Amino acid sequence: MSHIDIHPFPTPFGELVLGSFEERLCLCDWRYRRMREGVDQRLRKGLGSAFREGRSPVIETAMAQLKAYFAGERRTFGVPLRFVGSQFQQRVWEALQKVPYGSTSTYAELTARVASPAAIRAVASANGANALSILVPCHRIIGSSGELVGYAGGLPAKRKLLQLEGAHAQEQPDLFHALSQA
């Protein structure tokens, strides 16, 4: 049986898990996300492989490029990727890669690029199923009124990633803070 090499990677915004299969990165995802087991199961089944702890040249390259990204020294990535998902999901992930560094797009805009407007929930679901966070920049997708919404790494990580890139998104009101000030 073939293997997916996986390796933990701490970042300033939380821990990622990197995974490679046949010299391509198939996993760069938040270790403590809600859908962790579902994403991992999709990868194992889709690639007909089991996970094993280990490093590979592509994981080493990804770590070096991610370190440069977090240091503000890199805006794009040159790591070969391996998408594991439906054709629709892959279309969404390819469209995500076209959202430039330092900018944001809305779910409605992303949906208009890949499907009919009625498919916005399916597009949001595919966005959430992304196993290649940061390299496939799902953090650049925001709500229609510009607010930060849903992110596998959590909204604080999303906010920090957008700040790192110099992108602007509207802050959601802190209801607890607003009520304590009343």
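Residues numbered from 1 in each chain as written. Predicted model: local features only at pLDDT ≥ 70, side-chain atom pairs only at ≥ 80, totals over all residues. Heavy atoms only, no water.

Quick word on the overall build of the protein
- Assigned secondary structure in the protein consists of 7 helices and 6 strands.
- Secondary structure of the protein in N-to-C order comes out as β-β-β-α-β-α-α-β-α-α-β-α-α.
- Over its C-alpha atoms the protein spans a radius of gyration of 17 Å, differing by no more than 12% from the 16 Å that the globule rule assigns to 182 residues.
- Taken along its principal axes, the extent of the C-alpha atoms in the protein is 60 × 35 × 30 Å.
- Scored against the burial criterion, the 182 residues of the protein give a buried share of 45%.
- Sequence-distant contacts in the protein: of pairs separated by 6 or more residues, those separated by 24 or more amount to 59%.
- Carbon and sulfur atoms provide 53% of the accessible area of the protein, an area that totals close to 9400 Å².
- The centroid of the 22 positive side-chain charges in the protein is displaced by 4 Å from the centroid of its 16 negative side-chain charges. (Helix = DSSP H or I, 4+ residues; strand = E, 2+ residues; numbered from the N terminus. Rg over C-alpha atoms; globule rule 2.2 N^0.38 Å. Buried < 20%, exposed > 50% of the residue type's maximum accessible area, 1.4 Å probe, protein only. Contact = heavy atoms within 4.5 Å. Areas by Shrake-Rupley, 256 points an atom, 1.4 Å probe, with all protein chains shown as cover. Lys, Arg positive; Asp, Glu negative; His and termini not counted. Charge placed at Lys NZ, Arg CZ, Asp CG, Glu CD.)

Some words on the packing of helix 3 (residues 87-96) against helix 4 (residues 107-114)
- Between helix 3 and helix 4, the least distance of the axes is 10 Å, while the angle of their chain directions is 120°. Taken as axis vectors, helix 3 and helix 4 run oblique relative to one another. By crossing handedness, the relation of helix 3 to helix 4 is classed as right-handed. Between helix 3 and helix 4, the contacting residues are Arg91, Val92, Ala95 and Leu96 on the first element and Leu110, Arg113 and Val114 on the second.
- Each residue belonging to the contact of helix 3 with helix 4 can be placed in one class, and the counts come to 5 nonpolar, no polar and 2 charged. (Axes fitted to C-alpha atoms, helices over the stretch in contact; angles between N-to-C directions. Parallel < 35°, antiparallel > 145°, perpendicular 65-115°, else oblique. Left-handed = near helix turned anticlockwise from the far one by under 90°. Nonpolar A, V, L, I, M, F, W, Y, C, P; charged D, E, K, R; others polar.)

Regarding the sheet that holds strand 2 (residues 14-21)
- One open sheet accounts for 4 strands, arranged 3-2-1-4; its pairing is mixed. On the outer flanks of this sheet lie strand 3 (24-30) and strand 4 (50-53), each paired with one strand and no other. Between one strand axis and the next, the sheet turns through 30° on average, direction left out of account.
- Direction of pairing for strand 1 (residues 3-11) relative to strand 2: antiparallel, over a ladder of 7 bridges. Bridging from a neighbouring strand, Thr11 pairs with Gly14 of strand 2. (Pairing = 2+ DSSP bridges.)

Examining the pairing of strand 2
- A large share of strand 2 lies buried, amounting to 6 of its 8 residues.
- Counted between consecutive antiparallel strands, the loop separating strand 1 from strand 2 contains 2 residues.
- Of the pairings in the sheet, the one linking strand 2 to strand 3 comprises 6 bridges and is antiparallel in character. Along strand 3, the bridge assignment pairs Leu16 with Trp30.

Side note on helix 3
- Those residues of helix 3 lying buried are Gln89, Val92, Trp93, Ala95 and Leu96. Relative to the axis of helix 3, the buried residues are bounded by an arc of 160° and lie together on one face. (Arc of directions from axis to C-beta.)

A short note on the packing of helix 3 against helix 5 (residues 120-128)
- Put simply, helix 3 and helix 5 touch, their axes get as near as 9 Å, and they point 75° apart. Judged by the inter-axis angle, helix 3 sits roughly perpendicular to helix 5. Facing Phe88, Gln89, Val92, Trp93 and Leu96 of helix 3, the residues of helix 5 in contact are Ala122, Val123, Ala126 and Asn127.
- Here the contact of helix 3 with helix 5 is built from residues that sort into 7 nonpolar, 2 polar and no charged.

Points about helix 2 (residues 57-70)
- End to end, helix 2 covers 20 Å across 14 residues, agreeing with the expected 20 Å (1.5 Å per residue, within 8%).
- By the burial criterion, the buried members of helix 2 are Val58, Ile59, Ala62, Met63, Gln65, Leu66, Ala68, Tyr69 and Phe70.
- Just downstream of helix 2 lies Gly72, where phi reads positive at about 80°. (Expected span 1.5 Å × (residues − 1).)

Section: the side chain of Thr111
- Along the chain, Thr111 falls in helix 4.
- Residue Thr111 is classed as buried on the basis of its relative accessible area, which comes to 1%.
- At 2.8 Å, the side chain of Thr111 and the backbone oxygen of Tyr107 are in polar contact.
- In this structure Thr111 touches Ser116, Pro117, Ala119, Ile120 and Val123, once residues within four positions along its chain are discounted. (Polar contact = N/O pair within 3.5 Å; in protein donor to acceptor, adjacent residues only side chain to side chain.)

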